[in-house]
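The chain contents come next:
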Amino acid sequence: MGDTLEFNEIYQEVKGSWNDGRLRFSKQNVVYKSSKTGKVDSIPAGELNMAQWRRVCLGHGIKLGTSTGHIYKYDGFRDTDFEKISEFFKANYKLELTEKDMCVKGWNWGTAKFSGPLLSFDVNDSTAFEVPLSNVSQCATGKNEVTLEFHQNDDTEVSLMEVRFYVPPSQADERQDPVEAFAQNVLSKADVIQATGDAVCIFKELQCLTPRGRYDIRIYPTFLHLHGKTFDYKIPYTTVLRLFLLPHKDQRQMFFVISLDPPIKQGQTRYHFLILLFSKEEDINLTLNMSEEDVERRFEGKLSKNMSGSLYEMVSRVMKALVNRKITVPGNFQGHSGAQCITCSYKASSGLLYPLERGFIYVHKPPVHLRFEEISCVNFARGTTTTRSFDFEIETKQGNQYTFSSIEREEYGKLFDFVNAKKLNIKNRGFKEGKIDEYSDSDDDQHDAYLERMKAEGKIREEGNDSDESDGGSGEYDSNASASDSSEEGEESEDESAKKKKPKKVKVVKEKKERKPRKEKKQKDSGGPKRPMSAYMLWLNSSRERIKSENPGISITEISKKAGEMWRQLGKDEKEEWETKAGEAKRQYDKAKKEYKESGGGSTSSSKKESKKSGGKKDDKKRKSAGGDKDRERGGGNDSFKSKEFIETSEESSSDSDHKSKSKRKKVKPVMMNVIRQTDRP
């Protein structure tokens, strides 16, 4: 047997809901880590004094008790796990794992026993059910009756609101009322917040971002009291998961973030994070409302009676000592501007994204904290509106996706190196259009697809600008076509051009590919035989009603999916029967089609198409001939009186048309000529 035992998908009951996680037994301790919150419960092996194996709703469970009075229950084990867990406990913990049966009679009378943080209701010395007293929010008494009210959990569809116990009068001890004794035992372990005594210290008018407003924070030994103008919140320290101290990008302010589970409630709104904003320049002198001996005994040197310093330092120091949790600060990450955060947008508002040593946290609306262990992959996506920014997408193992958009392009290299160094799975290293399958998690890999994409787009823009400038005076210029306004100047320009010929500027034009004519869709012949069905479709038509009857309320798409699964599971013999039927139907179709064609079917539609084509060609010829006649009429019918320059340019344009497309013909500048018509001559 090894030094450790590990189990996955082990469940722990938290206020009426089952949270899964991982449980590990080692020689030193028992460790349970929740998959939902990441909270770790560690039980030292020396404190274990009780271990029970029980049959519960989720298979089998273990109930562990410690010498400090705490009870831990974990469910989700298999029946075969009992032997190896029992042997491990005997060998390493010197503790016997005993089997305990639960009462399933369904009786509603029995004996109430208080054992540590649990209220156990027993019937004939067998436990019927147990109530964790930490789930009790209120306890009310009546005549021979005690009512327990419970904290509500937002993650559960159905919640237990209250339980009432009838306590019969006792004749043994008349000095103490049994109802009051029952209620005192409940309240001693219940999670009922009672502001008894003075606060340890008070911080006045602190700026709170969530929930929004200014609050007085009163620090009590077991809970935190936020007192505002409109609302009050009482936060037990047991609900605090993590503490964060984060510098603002302007280097003049600090965020102090408190992560809560369960969250504080205001109507239908839930606040999972308490965010305080401090100025670095604000100082305070703080005096604790305790004696120096009590401070030393309670906090063991973490706090002193009189302290002074920055306000954010005092608040974080006091919270760390009372909650007994470490404060998380940003790691070694530094952005393009030297800050430890990145400006971005999440949903509709702008905020700051902090890459931490073990996760990401976004401040502030709404706040988001993502641990590396719950991240499935990340993606660097190109911005949708501009190339000056990009999006950073995070996908969790639960299937949720978080998109942080409008991140400056200069931050890309720093963030990419950070993600690479943390060995996170990168889905895509650049833009959305191109799918890059080949990537490496090593830090030595310097390939940056996003940067290369930006450079390529810049080159394309530069080439486009250069080509526009080169087109500006030239491409369509012809020296023979240019002339002056008079005929004399035209003759002089011809003589000079013969002596000094300027080189022609040639513009390279890509030839447009001729579009292929669209293929005409085949028209269905309504009079022909119907195509036969496949073996699967024949089987589906015969099995559709049976699938509907076996799965009432099933949709049409679900029928197809279910039928596909059933068809795949059919044996060869069963499929062969339907394939034979499909083959027979195919033969009948071929025979009917042959007879249909021999009888002249299907020829009428083809003759109609040919007539349409021939008719269309005749119409085109008519249009062309009509257009030519009109051109002749406009020209007046005298082709012999065209000028020398017009004839030359027309011959050149006709010769060039063999090499260039119609859209790229030479543009000839208009030339004014002194042309005398024959009819005007004397």
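Residues numbered from 1 in each chain as written. Predicted model: local features only at pLDDT ≥ 70, side-chain atom pairs only at ≥ 80, totals over all residues. Heavy atoms only, no water.

Going by what an unreviewed UniProt entry lists, the chain is known as FACT complex subunit SSRP1 and is assigned to Stegastes partitus. On record in UniProt, under Sequence similarities (unreviewed entry), the comment for the chain is "Belongs to the SSRP1 family." (UniProt positions renumbered as here; feature names shortened; annotations may be inferred.)

Asks: Break down the packing of aromatic side chains for me, with residues and values.
Replies: Tallying each qualifying case throughout the model produces 33 aromatic pairs. Judged by centre distance (5.1 Å) and plane angle (15°), the ring pair of Phe-121 and Phe-129 falls under stacked. The exposure class assigned to Phe-121 is buried, which follows from its relative accessible area of 8%. Of the residues examined, Phe-129 reaches a relative accessible area of 34% and is grouped as partly exposed. (Phe/Tyr/Trp six-rings, centres within 6.5 Å; stacked < 30°, edge-to-face > 60°. Buried < 20%, exposed > 50% of the residue type's maximum accessible area, 1.4 Å probe, protein only.)

Asks: For the pattern of salt bridges, give the residues involved together with the corresponding values.
Replies: Counted according to the given criterion, the structure contains 18 salt bridges. Put simply, Glu-373 and Arg-371 hold a salt bridge, and the shortest N to O gap is 3.0 Å. Overall, Glu-373 belongs to the partly exposed group, its relative accessible area being 37%. Judged by relative accessible area, Arg-371 falls into the buried class, the value being 8%. Because the salt bridges share partners, they merge into one network encompassing Lys-33, Arg-371, Glu-373 and Glu-374. (Salt bridge = Lys/Arg side-chain N within 4 Å of Asp/Glu carboxyl O.)

Asks: Describe the nonpolar core, naming the residues involved and giving the relevant values.
Replies: Core analysis: the largest hydrophobic core is formed by 40 residues, its most contacted members being Phe-203, Ile-219, Leu-224 and Met-319. If we ignore the near neighbours within four places in the chain, the residues touching Phe-203 are Tyr-215, Asp-216, Ile-217, Ile-219, Ile-284, Leu-286, Leu-311, Met-314, Val-315 and Val-318. (Core = buried A, V, L, I, M, F, W, Y, C linked by side-chain atoms within 4.5 Å. Contact = heavy atoms within 4.5 Å.)

Asks: How would you explain a negative patch on the surface if you had to name every residue and give the values?
Replies: Together, Asp-79, Glu-83, Glu-87, Glu-99 and Asp-101 line one region of the surface with negative charge. Tracing the backbone through its elements, the reader meets Asp-101 in the loop between strand 8 (98-100) and strand 9 (111-115). Its relative accessible area of 62% is what places Asp-101 among the exposed residues. (Patch = residues over 30% accessible without salt bridge, like charges linked within 9 Å, V, L, I, M, F, W, Y side chains within 5 Å. Areas by Shrake-Rupley, 256 points an atom, 1.4 Å probe, with all protein chains shown as cover. Lys, Arg positive; Asp, Glu negative; His and termini not counted. Charge placed at Lys NZ, Arg CZ, Asp CG, Glu CD. Helix = DSSP H or I, 4+ residues; strand = E, 2+ residues; numbered from the N terminus.)

Asks: Before we move on, can you summarise unusual backbone geometry with the specific residues and values?
Replies: Between Thr-210 and Pro-211 the backbone carries a cis peptide bond, its omega angle lying at -10°. Relative to the elements of secondary structure, Pro-211 occurs in the loop between strand 15 (201-210) and strand 16 (213-219). For Gln-251, which is not a glycine, the phi torsion comes out positive at approximately 60°. Turning to its location among the elements, Gln-251 is positioned in the loop between strand 19 (240-247) and strand 20 (253-266).

Asks: Describe in detail the packing of helix 8 (residues 535-550) against helix 10 (residues 572-598), supporting the description with residues and values.
Replies: Relative to each other, helix 8 and helix 10 sit at 110°, their axes nearing to 8 Å. In this view, helix 8 runs roughly perpendicular relative to helix 10, as classed from their interaxial angle. Crossing of helix 8 against helix 10: the hand is right-handed. Across the interface between the two elements, Ala-535, Leu-538, Trp-539 and Ser-542 from helix 8 touch Trp-578, Glu-579, Lys-581 and Ala-582 from helix 10. Taken together, the residues that form the contact of helix 8 with helix 10 break down as five nonpolar, one polar and two charged. (Axes fitted to C-alpha atoms, helices over the stretch in contact; angles between N-to-C directions. Parallel < 35°, antiparallel > 145°, perpendicular 65-115°, else oblique. Left-handed = near helix turned anticlockwise from the far one by under 90°. Nonpolar A, V, L, I, M, F, W, Y, C, P; charged D, E, K, R; others polar.)

Asks: Explain the packing of helix 8 against helix 9 (residues 556-569) to me, and be specific about the residues and the numbers.
Replies: Following both chains from N to C, one finds helix 8 and helix 9 inclined at 115°, their axes separated by 10 Å at the closest point. By crossing handedness, the relation of helix 8 to helix 9 is classed as right-handed. Contact with helix 8, carried on its side by Ala-535, Tyr-536, Trp-539, Leu-540, Arg-544, Arg-546, Ile-547 and Lys-548, involves Ile-559, Ser-560, Lys-562, Ala-563, Gly-564, Met-566 and Trp-567 of helix 9 and no other residues of that element. Along the lines of polarity and charge, the residues of the contact of helix 8 with helix 9 split into nine nonpolar, two polar and four charged.

Asks: Tell me about the pairing of strand 4 (residues 40-44), residues and numbers included.
Replies: Side chains of strand 4 alternate between two faces, with Asp-41 and Ile-43 buried and Val-40, Ser-42 and Pro-44 left unburied. A loop of five residues connects strand 3 (residues 29-34) with strand 4, the two strands running antiparallel in sequence, and Gly-38 in this loop sits at a positive phi of about 80°. (Pairing = 2+ DSSP bridges.)

Asks: Mind laying out the sheet that holds strand 14 (residues 162-166), listing which residues take part and the relevant values?
Replies: Hydrogen bonds along the backbone pair up the strands of a sheet, which may run parallel or antiparallel. With respect to topology, three strands assemble into an open sheet ordered 12-13-14, the strand pairing being antiparallel. The sheet is open, and its two edges are formed by strand 12 (136-142) and strand 14, each paired on a single side. For this sheet, the mean angle separating the axes of adjacent strands, direction not counted, is 15°. Relative to strand 13 (residues 145-150), strand 12 runs antiparallel, the two sharing six bridges. Bridge pairing in strand 13 links Thr-141 to Val-146. Against the sheet, helix 2 (residues 178-189) touches strand 12, strand 13 and strand 14, its axis set at about 170° to strand 12.

Asks: Explain helix 1 (residues 81-93) to me, using residue names and the numbers behind them.
Replies: Here helix 1 spans 17 Å end to end across 13 residues, near enough to the 18 Å set by a 1.5 Å rise per residue. All buried positions along helix 1 are accounted for by Asp-81, Phe-82, Ile-85, Ser-86, Phe-88, Phe-89 and Tyr-93. Buried residues of helix 1 fall within an arc of 165° about the axis and therefore sit on the same side. For helix 1, the exposed residues set more than 90 degrees away from the buried face come down to Glu-83 and Ala-91. A positive phi of about 55° marks Lys-94, the residue just after helix 1. (Expected span 1.5 Å × (residues − 1). Arc of directions from axis to C-beta.)

Asks: Tell me about a positive patch on the surface, residues and numbers included.
Replies: Where like charges cluster on the molecular surface, the positive patch consists of Lys-302, Lys-320, Lys-326 and Arg-358. Relative to the elements of secondary structure, Arg-358 occurs in the loop between strand 26 (349-355) and strand 27 (359-363). The class of Arg-358 is exposed, set by a relative accessible area of 74%.

Asks: Which residues make up the environment of Lys-84, and what values do they have?
Replies: Of note, Lys-84 is situated in helix 1. Each C-alpha atom of the pair Lys-84 and Leu-5 lies 8.8 Å from the other, and the pair is 79 residues apart in sequence.

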